[in-house]
Amino acid sequence: MARLDWLVLPALLVGWYLADFLSGLVHMYMDYRPCPPGKRLNDLFFYAGSRESAEYQAMLRERMAAITPLERLVYDFKNHHPRPLALGRRSLWRLIGSSVIIAALPISLALNAALLVWPVPGWFAAGVFAFLVGGAFAQLFHASLHRDHNPWFINAGRRMGLLMTPAAHQVHHDTLQRDFATNCGWSNPVVNRLFNALRRRGYLEDAGLVPSS
Ligand SMILES: [Zn+2]
Ligand SMILES: [Zn+2]
């Protein structure tokens, strides 16, 4: 096994930064990617009655069954803007399931395979580890910003500046045009610049923020 060295700490921070950056990119894309037209997700989004009602629950099941898992995620990101507390109530598995399956699992398997054929330096493995933890738990960290009671490690992370605060994330909800990263927020200055550059070129139109038909 490769020995640990002084590079481990900066590598952990770089991995943590990159996971934050990824959380910002994915969030920005999901917020502005239009929902599939004709699937009548607008009826769900703008439903005025009780979301506990049998009518709404039946409609939710029917409309969600008619779209792909990616389209469901896209809808979830938009739905969380007017109803952030719903995200805060989600179960742990629902929050980390898709990120673990899509990203963390394949990357960790690849790292394990690399360890078999190449003496991977300790600092590199540490950086990948921080990236995987930040990536896999990104939606859990985001949900923690929308609930009052959190496990101790969330509060400790905030005190150390490794996780962002609800007040900092509120800036995103107030504008929907900035601060998309939701882990530690370190990458938000870069993500904001990217967002502004894409907007100037005509991408990421406001119409994508809500389902239209
Ligand atoms: Zn958003
Ligand atoms: Zn949020």
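Under an unreviewed UniProt entry, the name given to the protein chain is Carotenoid synthesis regulator CarF, and the source organism is Novosphingobium aerophilum. If you open the UniProt record of the protein chain and go to Sequence similarities (unreviewed entry), you find "Belongs to the fatty acid desaturase CarF family."

Enquirer: Can you help me understand the coordination of the zinc ion (ligand 2) in this one?
Expert: Reference values for angles at a metal are 109.5 degrees in the four-donor tetrahedral case and 90 or 180 degrees in the six-donor octahedral case. The zinc ion (ligand 2) binds to the protein through His-80 (NE2), His-142 (NE2), His-146 (NE2), His-169 (NE2) and His-173 (NE2), with metal-donor distances spanning 2.1 to 2.2 Å. Spacing between the donor residues of the zinc ion (ligand 2) along their common chain follows H-x61-H-x3-H-x22-H-x3-H. Take His-146: its relative accessible area is 9%, and that puts it in the buried class.

Enquirer: I'm lost on the UniProt feature "transmembrane region" (unreviewed entry) in the protein chain in this one. Help?
Expert: What UniProt calls "transmembrane region" (unreviewed entry) maps, in this numbering, to residues 6-30, 92-117 and 123-141. Summarising residues 6-30: 92% helix, 0% strand, and an end-to-end C-alpha distance of 38 Å. The distance separating the terminal C-alpha atoms of residues 123-141 is 25 Å; by composition the span is 95% helix and 0% strand.

Enquirer: Can you walk me through helix α11 (residues 188-200) in this structure?
Expert: Every α-helix carries 3.6 residues per turn, so stepping three or four residues along brings you back to the same face. Under the 1.5 Å per step criterion, the end-to-end length of α11 is 18 Å for 13 residues, consistent within 8% with the ideal 18 Å. Those residues of α11 that fall on the buried side of the exposure criterion are Asn-188, Val-191, Asn-192 and Phe-195. Along the axis of α11, the buried positions cluster into a sector of 100°, meaning they face one direction only. Among the exposed residues of α11, those pointing more than 90 degrees away from its buried face are Arg-193 and Arg-200. Contact partners of the buried residues in α11: α1 (8-32). Just past α11, the residue Gly-202 takes up positive phi, approximately 90°.

Enquirer: How should I be thinking about the coordination of the zinc ion (ligand 1) in this particular structure?
Expert: Note on the zinc ion (ligand 1): its protein donors are His-27 (NE2), Asp-31 (OD), His-81 (NE2) and His-172 (NE2). The metal-donor distances range over 2.0 to 2.1 Å. Here the zinc ion (ligand 1) binds four donor atoms, and the angle range of 95 to 149° at the metal identifies the geometry as irregular. Counting the intervening residues between successive donors of the zinc ion (ligand 1) yields the motif H-x3-D-x49-H-x90-H. Here Asp-31, found in helix α1, pairs with His-172, found in helix α10 (residues 166-175); they are 141 residues apart in sequence, far enough to count as distant. Just as Asp-31 is buried, His-172 falls in that class too.

Enquirer: Mind showing me how you'd approach the pattern of salt bridges here?
Expert: Note that side chains of opposite charge can pair when their charged atoms are close. Using the criterion set out here, one finds six salt bridges in the structure. Between Arg-40 and Glu-62 there is a salt bridge, with its nearest N and O atoms 3.6 Å apart. Of the two residues, Arg-40 is situated in the loop between α1 and α2 (41-45) and Glu-62 in helix α3 (residues 54-65); the sequence distance between them amounts to 22 residues. Judged by its relative accessible area of 44%, Glu-62 falls in the partly exposed class.

Enquirer: I would appreciate a short explanation of the packing of α1 against α11 in the present structure.
Expert: Two measures define how a pair of helices packs: the angle their axes make with one another and the distance between the axes. Running from N to C, α1 and α11 point in directions that differ by 30°, and their axes come no closer than 9 Å. Between α1 and α11, the angle is such that the two are roughly parallel. For the pair α1 and α11, the crossing hand works out as right-handed. Side by side, α1 and α11 meet where Tyr-17, Asp-20, Phe-21, Gly-24, Leu-25, Met-28 and Tyr-32 of the first sit next to Asn-188, Val-190, Val-191, Leu-194, Phe-195, Leu-198 and Arg-199 of the second. Among the residues forming the contact of α1 with α11, the class breakdown is ten nonpolar, two polar and two charged.

Enquirer: Sorry, what's going on with the UniProt feature "domain: Lipid desaturase" (unreviewed entry) in the protein chain here?
Expert: In the UniProt entry, the feature "domain: Lipid desaturase" (unreviewed entry) is given for residues 74-193. Structurally, residues 74-193 is divided into 69% helix and 0% strand, and its ends, taken at the C-alpha atoms, are 22 Å apart.

Enquirer: I would appreciate a short explanation of the packing of aromatic side chains in the present structure.
Expert: Think of a pair of aromatic rings as described by two things: how far the centres are apart, and how the planes are tilted against each other in angle. Applying the stated rule across the entire model yields eleven aromatic pairs. Ring geometry for Phe-45 and Tyr-75: centres 6.3 Å apart, planes at 80°, overall edge-to-face. With Phe-45 in helix α2 and Tyr-75 in helix α4 (residues 69-79), this residue pair connects regions lying 30 residues apart in the sequence. Across the pair, exposure class does not vary: Phe-45 and Tyr-75 are buried alike. The interplanar angle of 40° and the centroid separation of 5.2 Å between the aromatic rings of Phe-180 and Phe-195 together place this pair among those described as tilted. Of this pair, Phe-180 sits in the loop between α10 and α11 while Phe-195 sits in helix α11, placing them 15 residues apart in sequence. Exposure class is identical for Phe-180 and Phe-195. Each is buried. Through successive ring pairs, a cluster of aromatic residues spans Trp-16, Phe-137 and Phe-141. We note Arg-83 situated over the ring of Phe-45; from NZ or CZ to the ring centre the distance is 5.3 Å.

Reading guide: rules and limits
- Residues numbered from 1 in each chain as written.
- Chains lettered and ligands numbered in written order.
- Predicted model: local features only at pLDDT ≥ 70, side-chain atom pairs only at ≥ 80, totals over all residues.
- Heavy atoms only, no water.
- UniProt positions renumbered as here; feature names shortened; annotations may be inferred.
- Donors = N, O, S within 2.8 Å, 3.2 Å for Na, K, Ca; no water.
- Buried < 20%, exposed > 50% of the residue type's maximum accessible area, 1.4 Å probe, protein only.
- Helix = DSSP H or I, 4+ residues; strand = E, 2+ residues; numbered from the N terminus.
- Expected span 1.5 Å × (residues − 1).
- Arc of directions from axis to C-beta.
- Contact = heavy atoms within 4.5 Å.
- Tetrahedral: all angles 85-135°; square planar, octahedral: opposite > 155°, others 65-115°.
- Salt bridge = Lys/Arg side-chain N within 4 Å of Asp/Glu carboxyl O.
- Axes fitted to C-alpha atoms, helices over the stretch in contact; angles between N-to-C directions.
- Parallel < 35°, antiparallel > 145°, perpendicular 65-115°, else oblique.
- Left-handed = near helix turned anticlockwise from the far one by under 90°.
- Nonpolar A, V, L, I, M, F, W, Y, C, P; charged D, E, K, R; others polar.
- Phe/Tyr/Trp six-rings, centres within 6.5 Å; stacked < 30°, edge-to-face > 60°.
- Lys NZ or Arg CZ within 6 Å of the ring centre and 35° of its normal.

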